[in-house]
Amino acid sequence: MENKRLELKLPVPVVGPLLEFLLPLARETGDAALAFEPSLDAIEEDFRADWRADIANQSQDDQTRFAAIFDTEEFRRDGTAEFGPEDCEPMLRAASALRLKLRTRKLGAIADSALETGEIDFARLNKEERIAVTSYMLLASLQEIIIRHLDPSGEE
Amino acid sequence: MSVAAPKTKRKTATRKKTVPQPTSPWLVVVHNDPVNLMSYVVLVFKKVLGFTEAKARKHMLEVHRKGRTVVWSGERERAEAYAQTLQTWQLSARIEHSSDGK
């Protein structure tokens, strides 16, 4: 596993939309921090609320960390964000949670296959959907960069 | 086969009552979702379950093609720990009892 710090440089034009869209989502707390409803069918009834709260707490911690890394003067100015190895796993989980939130809340009208392949007709989307798709793809790129950083030997 | 313990540090909910444990194993099942990247799922399987790259990819492809994969089986408490950790990684995981016949 890599121990070096990771520096990301994003094009300044995408910084604004990223912050505008993702930071409010990343700062959600409590139930809203849950990106999906965990399956609790086989879990004892008495245990379910604590189980669900554990997932929400972890998700909230990860997304709060994500927001702190990107909500900086430096990122707003030149699109540069830096984080250490201890942030890689929370960032991966947060990016996954945010993609799930975007998928269910902002991109419901777009087919899974289109989002998977990236073959999307942007001209047919409204402004909010365009920003959401861009954010969704940026998060995937961020995850791919972190995964390669953590595990350079992993197959493509 | 031995597997690594869950690696995510988190507050664990306390079981409030004990129920009789059946002798047949509990399964940790991961279902397909259209959002998480294949490379991400492989990494999570390696980190949480201690899988090799080849085994992680095999299970990832099984989820992708068949819609679900059983990633672990054994006693209930450990199955719960794995399922909950996989859920904190945003995977659609659940436990099932093997006698459910699913």
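The paragraphs below set out a description of the structure included in this document. (Residues numbered from 1 in each chain as written. Chains lettered and ligands numbered in written order. Predicted model: local features only at pLDDT ≥ 70, side-chain atom pairs only at ≥ 80, totals over all residues. Heavy atoms only, no water.)

Residues and elements named next belong to chain B. Within the open sheet, the three strands sit side by side as S2-S1-S3. Their pairing is antiparallel. Bordering the open sheet on either side are strand S2 (68-74) and strand S3 (92-97), each of which pairs with just one other strand. Averaged over all pairs of adjacent strands, the angle between strand axes in this sheet comes to 25°, irrespective of strand direction. Pairing of strand S1 (residues 26-31) with S2, which is carried by six bridges, proceeds in the antiparallel orientation. Each bridged residue has a counterpart across the sheet, and for Val 29 the counterpart in S2 is Val 70. (Pairing = 2+ DSSP bridges. Helix = DSSP H or I, 4+ residues; strand = E, 2+ residues; numbered from the N terminus. Axes fitted to C-alpha atoms, helices over the stretch in contact; angles between N-to-C directions.)

Take the environment of A:Ala35 next. With respect to the helices and strands, the residue A:Ala35 is situated in the loop between helix H1 (12-26) and helix H2 (45-70). Sequence spacing of A:Ala35 and A:Arg99 is 64 residues, and the spatial spacing of their C-alpha atoms is 8.5 Å.

Here the focus is the nonpolar core. One finds A:Phe66, A:Phe70, B:Phe45 and B:Leu86 to be the most contacted residues of the largest nonpolar core, which totals 81 residues. The biggest single contributor to this core is helix H6 (residues 127-150) of chain A, with 11 residues. Residues within four places of B:Leu86 in sequence aside, it is in contact with B:Val28, B:Val30, B:Val44, B:Phe45, B:Val48, B:Leu49, B:Val71, B:Leu91 and B:Ala93. (Core = buried A, V, L, I, M, F, W, Y, C linked by side-chain atoms within 4.5 Å. Buried < 20%, exposed > 50% of the residue type's maximum accessible area, 1.4 Å probe, protein only. Contact = heavy atoms within 4.5 Å.)

So, on to the packing of aromatic side chains. Scanning the model with the defined rule gives six aromatic pairs over all chains in all. A network of ring pairs unites the aromatic residues A:Phe66, A:Phe70 and A:Phe75 as a single cluster. The aromatic ring of B:Trp89 is capped on one face by A:Arg93, whose charged end is 4.8 Å from the ring centroid. A cation over an aromatic ring shows up here: A:Arg99 above the ring of A:Tyr136, its NZ or CZ 4.0 Å from the ring centre. (Phe/Tyr/Trp six-rings, centres within 6.5 Å; stacked < 30°, edge-to-face > 60°. Lys NZ or Arg CZ within 6 Å of the ring centre and 35° of its normal.)

A volume near 420 Å³ is recorded for the largest pocket. Contributing to the lining of the largest pocket are 23 residues, with A:Glu116, B:Val35, B:Asn36, B:Leu37 and B:Met38 lying nearest its centre. Mapped onto the lining of the largest pocket, the elements with two or more residues apiece are helix H5 (112-117) and H6 of chain A together with S1, helix H1 (38-49) and helix H2 (53-66) of chain B. Here the lining of the largest pocket is composed, by residue class, of 13 nonpolar, six polar and four charged. (1 Å grid on protein atoms, 1.4 Å probe; cavity = no way out; pocket = protein on both sides within 12 Å on 5 of 7 lines; lining within 4 Å. Points joined across faces, edges and corners; volume = space filled by probe spheres on them. Nonpolar A, V, L, I, M, F, W, Y, C, P; charged D, E, K, R; others polar.)

The next thing to look at is the pairing of S3(B). Residue and element names in this part refer to chain B. Most of S3 sits out of view: five of its six residues are buried. Note: S1 against S3, six bridges, orientation antiparallel. Note that in S3 the partner of Val 28 across the bridge is Ile 95.

Another aspect to go through is the interface of chain A and chain B. Contact with chain A, which involves 39 residues of that partner, is made by 37 residues of chain B. With both chains or domains summed, chain A and chain B bury close to 3400 Å², and 55% of this area falls on carbon and sulfur atoms. Counting the contacts that link chain A with chain B gives three salt bridges. Between B:Lys46 and A:Asp151 there is a salt bridge, with the nearest N and O atoms lying 2.3 Å from each other. For the interface between chain A and chain B, the tally reads 11 residue pairs in polar contact (both at pLDDT 80 or more). Only H2, helix H4 (85-105), H5 and H6 of chain A provide two or more residues apiece to the side of chain A that touches chain B. Considering each element in turn, the side of chain A that touches chain B owes the most residues, 10 residues, to H2(A). Of the residues assigned to the side of chain A that touches chain B, the class counts are 16 nonpolar, seven polar and 16 charged. (Buried area = accessible area lost by both parts, 1.4 Å probe. Salt bridge = Lys/Arg side-chain N within 4 Å of Asp/Glu carboxyl O. Polar contact = N/O pair within 3.5 Å; in protein donor to acceptor, adjacent residues only side chain to side chain.)

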